[in-house]
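Reading the structure
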Amino acid sequence: MNETPLIPAGVKRCSKWQFSLWMGAVTAVLIWGIYAMFLIWYKGLNQTNMNDAYGFALWIWADLAVIALGGGAFFSGFLTYIIGKDDLKNIINFAVIIGFICYSSALLILAIDIGQPLRGWFIFWHANVHSMLTEVAFCLSCYFAVLTIEFIPLILENPRLAKKPFLHHLSHNMHGVMAVFAATGVFLSFFHQGSLGGVAGVLYGRPFAYREHVFIWPWTFFLFTWSAAACGPCFTILVTWMTEKITRKKLVKQEVIWLFAKISGWMIITYITAKTIDTLYWALVTAPSKGFTLMDFYSSPTYNIGLLFIEIVLCGFVPGLILITRRGRENSFFLMSAVILAVIGVSLNRWVMVLQVMAVPLFSFNDWYTYMPSWQEVATTVLPVAYGLIVISLAYRYLPVFPQEQELNPID
Amino acid sequence: MFPFCFEWAWDMSHMVFMGGLWYALSIIGAGLTFAIVKSIMDMKSHDEKDHGHH
Amino acid sequence: MKEKNDYEHSKRYGMVIDLDKCTGCGSCMIGCYTENNVPFKADETNKLDSINWIQVYKLTNGKPYPETEISYLPMPCMQCDGEGKLGHSPCVSVCPAVATDYDYSTGIVSQIYTRCFGCRYCMAACPYHARKFNWWDPVWPADMEKYLSPDVSPRMRGVVEKCSFCFHRYQLARNKAYYENRQTEELGEDEYQTACAEACPTGAITFGDLNNKSHAVYQLKNSPNAFRLLERLETNPKVYYLSSKKWVRRQGDNYLANEEPGLIKKIDKQHH
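First, a word on scope: everything that follows refers to the structure included in this document. Small disclaimer: the values here were computed from a predicted structure and weren't measured.

We now examine the overall build of chain A. Across its full length, chain A carries 16 helices and 2 strands. Relative to a compact globule of 412 residues, whose C-alpha radius of gyration would be 22 Å, chain A shows 22 Å and is just as compact. Contacts in chain A between residues at least 24 apart in sequence constitute 80% of all its contacts with a sequence separation of at least 6. Total accessible area on chain A stands at roughly 16,300 Å², and carbon and sulfur atoms take up 70% of it. Averaged over its 25 positive side-chain charges, chain A has a centre that lies 7 Å from the centre of its 21 negative ones.

Here it is, written out as structure tokens:
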């Protein structure tokens, strides 16, 4: 009896040797990260360069950034299953995989980041419902479960797994109720993306981060959700493009990319407009009421006013305007530039909302606080990248991730 | 997280927060249960059909 | 969190530190280290990861000699009443695991070491840097372990700690009152004093119940020279400072170039 091949039918994959060589290289980086991770778990957070002024640092930024970038998953789910943009079915599998990687990475980084990892479950068990971090923990874990559920049917479509009758039916039935999971995912994402923004926005002791509230939610709550929905798709497009370059194949029809990019563009434009209003209100009303001028927050050589320009104009309005114009997004150079700028923009926003918050001195007799991550922090932050590459490589090789691949790359 | 944890209070914050949480978890649980149970039933009916053909 | 807030009638322990009397000797810090089993490192060069529950800062007026003036400012945890004085201290409201709590009967912000899992969100929330993280396992030189106070539990690696206004002394005072068949809620001013207040050789630190008219802090806090740190953030600290020097009072908060500290305070009071 011939065994069913592991690789999906009708598509071409590289040789085992080539694949093993690539995986070997990535695994080496992964092992470096895992070594650093165990070093931190064994010896404690003294392995980092964080200090009492910089209690939140590289890891929290990495967490916020990967979750924002993983936002492509919930937003594409929202557009496909709830709004009914059927074209996006051709990229949603990949968006889900990227989301799965981002969210599992975020959970791993959080597990490394806490001083008492064995007590991590306290955040659920002894939950303080008033804390934004509690909301983050719950929604993050629940949404990770949803992403896993969204990923499973795709895994079950591997030809060898699909031979098992139960798994075949399960994949089919899970697809059948996917809209319910997607809707739950959107609900959970709205709250955890938002509460991640709330993490900084509620800090009324930190005037750089603090924002006015709507009911219990500071403006950053809505801005974070919005920016994740806006820039997450850009990251999905970027990773799809990179996968196409590496595999030297067109995997998703350009019309699908353009549609996704157009929606993302309008989200970015509206987001960055709201962000501009927020920044103006904060600079002209909130901060002065606490005795600060805008320039007090940008008086360090590292954290200067240029950052605000880069975030709002260069990595906000510019990519937004490119993506909403047909000629902009249909030119591949401009499209990719816009996508990269948007990804940098949202990552920079998260950096500023974590690290600059810590750096700003609150007393005139204190100086700006500085911080440079240790190699252990860098290695554990690179770890998810290596892990992500491995998951994407395995998924691409063994699963029918791209529904249009066969049509775009016919095998004679 | 549960009413038997000592910091639990039957106040508005807990109702809203935990209400949302348990609601989301129930939907996820119900969806999964549905998919699994239906797959088992599908598999059985498929088997019966197969037997019927022979 | 569940207790009701009776802001005006419950006890609100606080401190008034007279900066005109502070010489910057650091006795308060030493007193605190020994009283509260605060761990220290073999090399304390890097102040950003050393643990202290009260830290003495040096302020200068920034003028060249001979007009140079300096002032020392000891900074413990401010035991903030929080926005709207409702017990929503910056740190308490953010802790995801209820490891830090506001005690409505004393106004003291507690830290539960065995509950803290080391996320450090409270440190990010505290504008005073009053919260310190245990980056290392606490290690004392050989025999010093025998001198640790049995009334205060030493902390483990990976958790946050901070000044508790020597809360164990409050508990001991209440125990004593109970055994003497007295009202445990009516302690004398001298029955509960913090280690730093007792250690201060110039008597710069006064400690007591800010709501109790018979306590010295009640009058002192109303002095025209009194101010609190970063008051404009609305953290409502329970640590007050006294300084006859205007430039010191100005450094206690942030002001725009055209603002006068005294004036802003008045406006705030009217506002509330």
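There is more to say, and it comes next.
What follows deals with the overall build of chain C. A tally of helices and strands in chain C yields 8 helices and 10 strands. For 272 residues, the compact-globule estimate of 2.2 N^0.38 gives 19 Å, and chain C sits close to it at 19 Å. Seen through its principal axes, chain C has C-alpha atoms that stretch 50 × 45 × 40 Å. Scored against the burial criterion, the 272 residues of chain C give a buried share of 57%. Once local pairs closer than 6 in sequence are excluded, the contacts in chain C between residues at least 24 apart make up 64%. Total accessible area on chain C stands at roughly 12,500 Å², and carbon and sulfur atoms take up 53% of it. Positive and negative side-chain charges of chain C, numbering 34 and 34 respectively, have mean locations separated by a distance of 3 Å.

What follows concerns the packing of helix α3 (residues 71–83) of chain A against helix α9 (residues 178–201) of chain A. Residues and elements named next belong to chain A. For the pair α3 and α9, interaxial distance at closest approach is 9 Å and the crossing angle is 135°. Classified by the interaxial angle, the pair formed by α3 and α9 is oblique. Once α3 is placed against α9, the crossing between them reads as left-handed. Of α9, the residues touching α3 (which contributes G71, F74, G77, F78, Y81 and I82) are M178, A179, A182, A183, G185, V186, S189 and Q193.

A word on unusual backbone geometry. Cis geometry marks the peptide bond from Y65 of chain C to P66 of chain C, where omega comes out at 10°. Position of P66 of chain C among the secondary structure elements: in the loop between β2 (55–60) and β3 (70–75).

Turning our eyes to something else, we now look at the packing of helix α10 (residues 219–247) of chain A against helix α11 (residues 254–289) of chain A. For any two helices packed against each other, one specifies the crossing angle of their axes together with the interaxial distance. Residues and elements named next belong to chain A. Axis separation between α10 and α11 bottoms out at 9 Å; the angle between their running directions is 150°. In this view, α10 runs roughly antiparallel relative to α11, as classed from their interaxial angle. Viewed along their axes, α10 and α11 form a crossing whose handedness is left-handed. Two secondary-structure elements touch here, α10 through W219, L223, W226, S227, A229, A230, C231, P233, C234, T236, I237 and T240 and α11 through I257, F260, A261, S264, M267, I268, T270, Y271, A274, K275 and D278. Here the residues of the contact of α10 with α11 sort into 16 nonpolar, 5 polar and 2 charged.

Our focus in this paragraph is the pattern of salt bridges. Residue and element names in this part refer to chain C. With the rule as written, the count across this model stands at 27 salt bridges over all chains. For E185, the salt bridge identified is with R174, shortest N-O distance 2.7 Å. One end of the pair, E185, is in the loop between α4 (167–179) and α5 (195–199); the other, R174, is in helix α4, with 11 residues separating them in the sequence. Judged by relative accessible area, which is 27%, R174 ranks as partly exposed. It is possible to trace a salt-bridge network through shared partners that takes in K176, E180, R182 and E191.

Moving on to the sheet that holds strand β9 (residues 226–227) of chain C. All names here are of chain C. Spatial strand order, β8-β1-β10-β9: 4 strands in an open sheet with mixed pairing. The open sheet has two edge strands, β8 (205–209) and β9, and neither has a second partner. Direction of pairing for strand β1 (residues 13–18) relative to strand β10 (residues 239–242): parallel, over a ladder of 4 bridges. Paired with D18 across the strands is L242, a residue of β10.

Attention shifts here to the side chain of E244 of chain A. Residue and element names in this part refer to chain A. Its location among the elements puts E244 in helix α10. Judged by relative accessible area, E244 falls into the buried class, the value being 10%. Of the polar contacts made by the side chain of E244, one reaches the backbone nitrogen of L251; its length is 2.9 Å. Other than its neighbours up to four places away in sequence, E244 contacts K249, K250, L251 and V252.

To continue, consider helix α14 (residues 332–359) of chain A. Two residues of an α-helix separated by three or four positions point the same way, owing to the 3.6 residues in each turn. All names here are of chain A. Here α14 contains 28 residues, and its C-alpha end-to-end distance of 39 Å stays within 8% of the 40 Å for a straight helix at 1.5 Å per residue. By the largest-angle criterion, V352 marks the main kink of α14, which is about 30°. Capping the start of α14, N331 holds a side-chain oxygen 2.8 Å from the backbone nitrogen of F333, two or three residues further along.

What follows deals with the interface of chain C and chain A. Frequently, the measure chosen for interface size is the accessible area that the parts lose on association. On the side of chain A, 51 residues touch chain C, which itself brings 57 residues to the contact. Between chain C and chain A, the buried area comes to about 4,400 Å², and carbon and sulfur atoms account for 58% of it. The largest share of the area that chain C buries against chain A comes from F117, Y121 and W135 of chain C, three residues that together contribute 17% of it. At the boundary of chain C and chain A, one finds 1 salt bridge. Between D113 of chain A and R120 of chain C there is a salt bridge whose closest N-O contact spans 2.8 Å. The interface formed by chain C and chain A includes 26 residue pairs in polar contact (both at pLDDT 80 or more). Of the residues assigned to the side of chain C that touches chain A, the class counts are 33 nonpolar, 13 polar and 11 charged.

At the junction of the two partners, chain B supplies 26 residues and chain A supplies 24 residues. Where chain B abuts chain A, roughly 2,200 Å² becomes buried across the two surfaces, and 81% of that area is made up of carbon and sulfur atoms. Sorting the residues of chain B by area buried against chain A places M1, F17 and I28 of chain B first, and these three jointly supply 24% of that buried surface. At the boundary of chain B with chain A, the tally comes to 0 salt bridges. At the boundary of chain B with chain A, the tally comes to 6 residue pairs in polar contact (both at pLDDT 80 or more). Residue classes in the side of chain B that touches chain A are distributed as 17 nonpolar, 6 polar and 3 charged.

This brings us to a nonpolar patch on the surface. Residues and elements named next belong to chain A. On the surface, a cluster of nonpolar side chains totalling about 460 Å² of accessible area is made up of V29, W32, Y35, W375 and V378. Elements with a contribution of two residues or more to the nonpolar patch: α1 (16–43) and α15 (375–398). It is α1 that contributes the most residues to the nonpolar patch, 3 residues altogether. Among the structural elements, V378 can be located in helix α15. Overall, V378 belongs to the partly exposed group, its relative accessible area being 33%.

Cut-offs and rules
- Residues numbered from 1 in each chain as written.
- Chains lettered and ligands numbered in written order.
- Predicted model: local features only at pLDDT ≥ 70, side-chain atom pairs only at ≥ 80, totals over all residues.
- Heavy atoms only, no water.
- Helix = DSSP H or I, 4+ residues; strand = E, 2+ residues; numbered from the N terminus.
- Rg over C-alpha atoms; globule rule 2.2 N^0.38 Å.
- Contact = heavy atoms within 4.5 Å.
- Areas by Shrake-Rupley, 256 points an atom, 1.4 Å probe, with all protein chains shown as cover.
- Lys, Arg positive; Asp, Glu negative; His and termini not counted.
- Charge placed at Lys NZ, Arg CZ, Asp CG, Glu CD.
- Buried < 20%, exposed > 50% of the residue type's maximum accessible area, 1.4 Å probe, protein only.
- Axes fitted to C-alpha atoms, helices over the stretch in contact; angles between N-to-C directions.
- Parallel < 35°, antiparallel > 145°, perpendicular 65-115°, else oblique.
- Left-handed = near helix turned anticlockwise from the far one by under 90°.
- Nonpolar A, V, L, I, M, F, W, Y, C, P; charged D, E, K, R; others polar.
- Salt bridge = Lys/Arg side-chain N within 4 Å of Asp/Glu carboxyl O.
- Pairing = 2+ DSSP bridges.
- Polar contact = N/O pair within 3.5 Å; in protein donor to acceptor, adjacent residues only side chain to side chain.
- Expected span 1.5 Å × (residues − 1).
- Bend = angle between axes of the 7 residues up to and from the residue.
- Buried area = accessible area lost by both parts, 1.4 Å probe.
- Patch = residues over 30% accessible without salt bridge, like charges linked within 9 Å, V, L, I, M, F, W, Y side chains within 5 Å.

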